[in-house]
Amino acid sequence: MNAKELLLNRQSDSQLSFPGPNAQQLELIQQAALRVPDHGHLAPWKFVVLQERQREKLGDIFLQAAQKEDMGERVIERAASLPARAPMVIVCIMKYIGHDKVPWVEQVASASCATFAMQQAAFAQGLSGIWRTGAFAKSATVKQALKLTDDDEIVGFLYLGTPTVDCPKKRRHQVADFFTDSL
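Residues numbered from 1 in each chain as written. Predicted model: local features only at pLDDT ≥ 70, side-chain atom pairs only at ≥ 80, totals over all residues. Heavy atoms only, no water.

Caption draft 1: Just the pairing of strand 3 (residues 88–94), in detail. The buried count for strand 3 comes to seven of seven residues, which makes it a mostly enclosed element. Covered by surrounding structure in strand 3 are M88, I90, C92 and M94 together with V89, V91 and I93, the residues of both alternating faces. With seven bridges joining them, strand 2 (residues 45–51) and strand 3 adopt antiparallel strand pairing. Within the sheet, the bridge partner assigned to Q51 lies in strand 3 and is M88. (Buried < 20%, exposed > 50% of the residue type's maximum accessible area, 1.4 Å probe, protein only. Helix = DSSP H or I, 4+ residues; strand = E, 2+ residues; numbered from the N terminus. Pairing = 2+ DSSP bridges.)

Caption draft 2: View of the pattern of salt bridges. This structure, assessed with the given rule, holds four salt bridges. Between R53 and E56 there is a salt bridge, with the nearest N and O atoms lying 3.1 Å from each other. One end of the pair, R53, and the other, E56, are both in helix 3 (residues 53–68), three residues apart, so they sit about a helical turn from each other. Exposure remark for R53: the relative accessible area of 43% places this residue in the partly exposed category. The partner of K95 in a salt bridge is D152, with the nearest N and O atoms 2.9 Å apart. Here K95, found in the loop between strand 3 and helix 5 (104–124), pairs with D152, found in the loop between helix 7 (140–145) and strand 5 (153–163); they are 57 residues apart in sequence, far enough to count as distant. (Salt bridge = Lys/Arg side-chain N within 4 Å of Asp/Glu carboxyl O.)

Caption draft 3: Representation of the environment of M71. Within the secondary structure, M71 is located in the loop between helix 3 and helix 4 (73–79). A C-alpha to C-alpha distance of 8.2 Å links M71 and A135, two positions 64 residues apart in sequence. Discounting residues that sit within four places of it in the chain, M71 has contacts with A65, A66, A135, F136 and S139. (Contact = heavy atoms within 4.5 Å.)

Caption draft 4: Seen up close, the packing of aromatic side chains. Per the counting criterion, the structure on display carries two aromatic pairs. Aromatic pair F62 and F136: ring centres 4.3 Å apart, planes at 15°, arrangement stacked. One end of the pair, F62, is in helix 3; the other, F136, is in helix 6 (residues 135–138), with 74 residues separating them in the sequence. Relative to F157, the ring of F62 has its centre 5.2 Å away and its plane inclined at 85°; by these criteria the two rings are edge-to-face. Placement of F62 in helix 3 and of F157 in strand 5 is noted, with a sequence separation of 95 residues between them. Members of the aromatic cluster, connected to one another through ring pairs, are F62, F136 and F157. Sitting over the face of the ring of Y159, R132 holds its NZ or CZ atom 5.7 Å from the ring centroid. (Phe/Tyr/Trp six-rings, centres within 6.5 Å; stacked < 30°, edge-to-face > 60°. Lys NZ or Arg CZ within 6 Å of the ring centre and 35° of its normal.)

Caption draft 5: Quick peek at helix 2 (residues 23–33). Listing the buried residues of helix 2 in full gives Q25, L26, I29 and A33. For helix 2, the arc enclosing every buried residue in end-on projection is 100°, short of the 170-degree limit, so these residues lie on one face. Exposed residues pointing more than 90 degrees away from the buried face of helix 2 are listed as A23 and Q24. The secondary structure elements touched by the buried residues of helix 2 are strand 2, strand 3, helix 5 and strand 5. You can read the cap of helix 2 off the contacts: a side-chain oxygen lies 3.0 Å from the backbone nitrogen of Q24, and it is on N22. (Arc of directions from axis to C-beta. Polar contact = N/O pair within 3.5 Å; in protein donor to acceptor, adjacent residues only side chain to side chain.)

What follows is the structure, encoded as structure tokens:
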């Protein structure tokens, strides 16, 4: 896939199945994450790659969070099964590093860029994924289980696998609606 095709056709797919990324594909996905903008060369990232039983452990953490934080009956019922929506889940974390020239928000932006780069790398290799956030990304229980500090941020859960439905998404936005040449 060429760069132009990737940039103009990448999409999120929520219906994913096996196979997930193989070792060679995962290596490219991981390398892509490390090529993002990184002001101050802080590398404020941590990525936890979960497959097989490790996804189940994440589901257990989600269930514990849903119960402890009273997220509601429907969320509690589904929590343990959520990581099973794809063969691989990468927990994408911004590990905050105090710095006088690189604020927290820039470190979150860098980790977010890394997450997006991984999704693009998967798409470029014929895989797909979806970047999810929501209550579990903000959950104190989940952050504690991952041994994160209050300043660290879960920027998302990147679900990766093979798309089960060929459903190209239509372009929703027009350039003229978002770009201007005047102040």
